[in-house]
Amino acid sequence: MTQDEMKKAVAHAALAHVVDGKIVGVGTGSTANCFIDALAAIKHRIGGAVASSEATRQRLASHGIAVFDLDEVEELPVYVDGADEINAAMQMIKGGGGALTREKIVAAVARKFVCIADGSKLVPVLGRFPLPVEVIPMALGHVRRELAKIGGTPLRRAGFVTDNGNLIVDVGGLPIADPVELETRINQIVGVVTNGLFACRPADVCLLGTADGVRTLTAA
Ligand code: 5RP
């Protein structure tokens, strides 16, 4: 299977986690886009969707899927999203598409987080992918200095503004021995909105695309 075929296969497999008549949370990125396209085929069975980005909102709407604000929904049984990296504990780095803050909010509300990813995303240790951090613009210099103090190489993502009007700093070279500790620590830096470590709230299940088909992983 090619990477694209893997993305389509895991997106299709995620439909089994969608609850009839309920709202589904939808992530952002190329794999999440495959899920949106698959979801369109069963749109009559769901109550609608909550989007983790403006791009996702538009793609859902283009398929005629009703999109609700998170605040309008009382429960969210499932959230389906991709990842930039995922480890055996179902902890992830996310935010390659810059939607990490809204993704983290929707994930926090959802009862179940289903991560859909092609096989290249499964890693033994998180951190080869530079960690995205969303930053309030006036705090950019301060946040970059603080991130450098903890061993990272922070680079402002050029020409990018998040859906929330903020900046993204991509932090390379960070030692991520303890993802929960690092997620918490970076979020303490004044001016950080959130960071792309999803360790405090990991995925509940990962549908991983492999050459042999879709593997279902849960925390080791
Ligand atoms: C967007 C994300 C995406 O889930 C992540 O970047 C993976 O994207 P893709 O499915 O295109 O590889 O976190 O902010």
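Conventions and cut-offs
Residues numbered from 1 in each chain as written. Predicted model: local features only at pLDDT ≥ 70, side-chain atom pairs only at ≥ 80, totals over all residues. Heavy atoms only, no water. Helix = DSSP H or I, 4+ residues; strand = E, 2+ residues; numbered from the N terminus. Rg over C-alpha atoms; globule rule 2.2 N^0.38 Å. Buried < 20%, exposed > 50% of the residue type's maximum accessible area, 1.4 Å probe, protein only. Contact = heavy atoms within 4.5 Å. Areas by Shrake-Rupley, 256 points an atom, 1.4 Å probe, with all protein chains shown as cover. Lys, Arg positive; Asp, Glu negative; His and termini not counted. Charge placed at Lys NZ, Arg CZ, Asp CG, Glu CD. UniProt positions renumbered as here; feature names shortened; annotations may be inferred. Phe/Tyr/Trp six-rings, centres within 6.5 Å; stacked < 30°, edge-to-face > 60°. Lys NZ or Arg CZ within 6 Å of the ring centre and 35° of its normal. Core = buried A, V, L, I, M, F, W, Y, C linked by side-chain atoms within 4.5 Å. Polar contact = N/O pair within 3.5 Å; in protein donor to acceptor, adjacent residues only side chain to side chain. Pairing = 2+ DSSP bridges.

Peer 1: I'm lost on the overall build of the chain in this one. Help?
Peer 2: Looking only at helices and strands, the chain features six helices and 14 strands. For 220 residues, the compact-globule estimate of 2.2 N^0.38 gives 17 Å, and the chain sits close to it at 17 Å. Along the first, second and third principal axes, the C-alpha set of the chain runs to 50 × 40 × 30 Å. Sorting the 220 residues of the chain into buried and exposed places 52% on the buried side. A separation of at least 24 residues holds for 71% of the contacts in the chain among residues at least 6 apart in sequence. Split by element, the accessible area of the chain, about 9,700 Å² in all, is 54% carbon and sulfur. Placing the 22 positive and 24 negative side-chain charges of the chain at their respective mean positions leaves the two points 2 Å apart.

Peer 1: Just to check I follow, could you spell out the UniProt feature "active site" (unreviewed entry) in the chain for this structure?
Peer 2: Cross-referencing UniProt, the feature "active site" (unreviewed entry) maps to E103 in the present numbering. Within the fold, E103 resides in helix α4 (residues 100–109). The residues touching E103, leaving out its near neighbours within four places in the chain, are T28, S52, Y79, D81, K94, G95 and F198.

Peer 1: In this structure, what is going on with the packing of aromatic side chains? I would like to understand it.
Peer 2: Any pair of aromatic rings gets described here by the distance separating the centres and the angle formed by the planes. Inspection of the entire model under this criterion finds two aromatic pairs. Aromatic side chains F113 and F198 sit 6.5 Å apart centroid to centroid with 90° between the ring planes, which places their arrangement in the edge-to-face category. Taken together, the residues F113 in strand β7 (residues 112–118) and F198 in strand β12 (residues 197–198) connect sequence positions 85 residues apart. Like F113, the residue F198 is buried in the burial classification. One aromatic cluster in this structure is built from Y79, F113 and F198. When the ring centre of F160 is taken as origin, the NZ or CZ atom of R157, which lies over that ring, is 5.2 Å away.

Peer 1: Before we go on, may I ask you to explain the nonpolar core in this structure?
Peer 2: Note on soluble globular proteins: their nonpolar side chains tend to be buried together. Residues V24, V26, F35, L39, L60 and I116 are the most contacted members of the largest nonpolar core, which totals 24 residues. Among the elements of the structure, α1 (3–14), β1 (23–26), α2 (30–40), β2 (48–51), β4 (78–81), β7 and β13 (205–210) are those that each provide at least two residues to this core. By residue number, the principal contributor to this core is α2, which donates five residues. Excluding anything up to four places from it in sequence, L39 contacts L15, V18, V24, V26, I46, L60 and I65.

Peer 1: Explain the environment of N164 here, please?
Peer 2: With respect to the secondary-structure elements, N164 resides in the loop between β9 (153–156) and β10 (167–172). With relative accessibility at 34%, the residue N164 sits in the partly exposed group. In this structure the C-alpha to C-alpha distance between N164 and V106, which are 58 residues apart in sequence, comes to 15 Å. Apart from the residues within four sequence positions on either side, N164 is in contact with T101, R102 and E134. Here the side chain of N164 touches R102 through a polar contact of 2.9 Å, side chain to side chain. In this structure the side chain of N164 is engaged in a polar contact, spanning 3.1 Å, whose partner is the side chain of E134.

Peer 1: I would appreciate a short explanation of the sheet that holds β4 in the present structure.
Peer 2: By definition, the strands of a sheet pair up through backbone hydrogen bonds, in either a parallel or an antiparallel sense. What the seven strands build is an open sheet, ordered β3-β2-β1-β4-β7-β13-β14; its pairing is mixed. Two strands in the sheet have a free side with no partner beyond their single neighbour: β3 (67–68) and β14 (213–217). Here β1 runs beside β2; their pairing, made up of four bridges, is parallel. Its bridge partner lying in β2, V24 is registered against A49.

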